[in-house]
Every structure is written in structure tokens, then in C-alpha cells.
Amino acid sequence: MERWNSTRGSGFILVGILNDSGSPELLCATVAVLYMLALTSNGLLLLVITVDARLHVPMYLLLRQLSLMDLLFTSVVTPKAIVDFLRGENTISFGGCALQLFLALMLGSAEDLLLAFMAYDRYVAICHPLNYMVLMRPRVGRLMMATSWILASLSALAYTWYAMHYPFCKARKIRHLLCEIPPLLKLACADTSRYELTVYVMGVTFLMPPLVAILASYTLILFTVLHIPSNDGRQKALITCSSHLTVVGMFYGAATFMYVQPSSLHSPKQDNIISVFYTIVTPALNPLIYSLRNEEVMGALRRVLGKYMLPTQSTI
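Read on for an overview of the structure. (Residues numbered from 1 in each chain as written. Predicted model: local features only at pLDDT ≥ 70, side-chain atom pairs only at ≥ 80, totals over all residues. Heavy atoms only, no water.)

Observations concerning the nonpolar core
Counting 96 residues, the largest nonpolar core has Phe12, Leu115 and Ile181 as the members making the most contacts within it. No other element matches the 19 residues that helix α4 (residues 94–127) contributes to this core. (Core = buried A, V, L, I, M, F, W, Y, C linked by side-chain atoms within 4.5 Å. Buried < 20%, exposed > 50% of the residue type's maximum accessible area, 1.4 Å probe, protein only. Helix = DSSP H or I, 4+ residues; strand = E, 2+ residues; numbered from the N terminus.)

Here it is as C-alpha cells:
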């Protein structure tokens, strides 16, 4: 197949699920609603945790970072997908593809590490409550957040640079919602087996240790919770942990499918469905999962809305 100079040509064509769907208009409207839900729910959670001083504890400061990552992640993909569908033009430049790939990898990897740190925070809070403010002092929380962003950025930069250095073939169609490594490598006019192995190792290295840490944390938490004499205390601990485990399950399920499953088992249709799930659906649901069953967050939300809404109503 003839090669084309992707740095000087017209870039790539993204053929995502909106283009292959049987009802593209309905799907586009659904995606737009989910994106607005993600913007609203994550934005409110960011506002509430920032404004309400009672939530300035490690658990909620880590949750604020998760909301920020979800908000950025879905904004990297969804607006362009919607605008491209409405305009009937699905092209993306070589530089735009590289940037989208880098941002998606960085935000996904950062969330992966952050979820492990959040599990450790819950482990300390439930299993070692008397030492919580020592083990999870503000400096430790800031170090966790910085570690998530820095390691994720370095990893994403390396894998993006290596992926984009390949010569690509004349068929410029990426059968995916966004520029991502598995579908992008299918366009390469060179042997990518070594890089695919590296990506697989990256997936295992970046996903498995945090997942093992999360499972270990919650195993210890479960043993501790079962020995809590108070039914209210046991129920509160289980509600908090179940919310986190739900988010962990959604995130790791999608990430494992994309980056740990062998490339021979990937299909464009399945990859497109999974990409919609972790770039659009999950960011919209995460803040709802964390907040609706959390009395402290809902109480803070009522206080913040009351503080800003009541003066407005009184002036009317």
C-alpha cells in the first residue's frame, strides 16, 4: 500500500461510532446529553469541594482531582466528535491526532493511579482511623496528586512520540472515536509487533499494580468493616467503598479491554463501543455515583446552592 506523508498531508479521518450507527442523529443527541451531564455534574462537584471548607480533607480533595480528570478527558473527545458529525467532516490533522492521543493517555493513566491512591485513603480512614491525619496529612495528599499527573504525563509523552513516528499508509481512516494507539497502529506501514508488545507491557504495568493495590486495600477494609459493632458505621463504610468500587470496575474493565487484550481480538465495532463508554458515559456517571449516596457531599451541595441562590432570589 502506498505511503503518504502524514505530517504534510491532510491528516487522518476519524470514523467513529456516530458514523457507523444505524441511528446517528439519535446517538449524537444522546452523546450531547451525556456530555452536558458530565460538564454539569463534574463542574458542580469541583465547585462544592472547592468552596465548602468542610470537604477540604484528603478523601474529597482526591475526588476533586478525579472530577477534573473526567471533565478534561471527556472534553478532549466529545465536543470534536459532535461538531464533526454535525458538519459532516471527520478529519483531524497529524498534530491534532498526536495531541489527542497524548491527552487521552495522560488523563487515563493519571486516573488509573489516582484510583489506587483513593483506595489507600479509604484503607487508612477505615482501618487506621486514629492515624488518618498523620498518614494522610496534606503533604501526602499533594504528593499523591502530583505523582499521578507527572508519571502519567511522562508515560503518555513517550508512547505518543513512539506511536506517531511510524510511516502511515494511504488509507487514512481511523475506525475509532478518537486517536488511540490500537486503531492507529493498524494504519502503520511498518512492523509494529515490538511496539504492540511494549503497549501490552505498559497496560499490564500501569493497570495491574494499582488494581492489585485496590483489591488488597478493599480486602483489608472488608475484614475491618465486618468487625465494626455499629450498624450505622458499617453501612456508611460500605456505601463509601461501594461507590469507589463501582467506578474502579467501570474504569478497569474498559482499560483492560483496550490495552491488555491482544490486538488480534480487537474489532472496530467493539472498540468504538468501549471508547464511548470510558470517554463519555463513565465521566458522566462518576460524580453521580460518588455524590448521590454521600450525605456529606449532598449536604455541602445544598449549602453552596443555598448560599448562591438565596441572594439571587431575594433580589428578584
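Comments concerning the environment of serine 23
Examined against the element boundaries, serine 23 turns out to sit in the loop between α1 (17–20) and α2 (24–51). Overall, serine 23 belongs to the partly exposed group, its relative accessible area being 42%.

As for the state of the cysteines
This structure, assessed with the given rule, holds one disulfide. For cysteine 97, the disulfide goes to cysteine 179, at an S-S distance of 2.1 Å. Handedness here is read from the sign of the S-S torsion; for cysteine 97 and cysteine 179, about -120 degrees, the answer is left-handed. Here cysteine 97 is found in helix α4, whereas its partner cysteine 179 is found in the loop between β5 (173–174) and α7 (181–185), with 82 residues between them in sequence. Cysteine 179 gets classed as buried once you look at its relative accessible area, which sits at 0%. (Disulfide = S-S within 2.5 Å.)

Re the side chain of serine 217
Within the fold, serine 217 resides in helix α8 (residues 193–225). Look at serine 217 and you get buried, because its relative accessible area is 10%. A distance of 2.8 Å separates a polar side-chain atom of serine 217 from the backbone oxygen of alanine 213. (Polar contact = N/O pair within 3.5 Å; in protein donor to acceptor, adjacent residues only side chain to side chain.)

Observations concerning the pattern of salt bridges
Applying the stated rule across the entire model yields four salt bridges. Between lysine 80 and aspartate 84 there is a salt bridge whose closest N-O contact spans 2.8 Å. Here aspartate 84 and lysine 80 lie together in helix α3 (residues 58–87), a separation of four residues that amounts to about one turn. Put simply, arginine 87 and glutamate 89 hold a salt bridge, and the shortest N to O gap is 3.3 Å. With relative accessibility at 57%, the residue arginine 87 sits in the exposed group. (Salt bridge = Lys/Arg side-chain N within 4 Å of Asp/Glu carboxyl O.)

These figures capture arrangement, not role.
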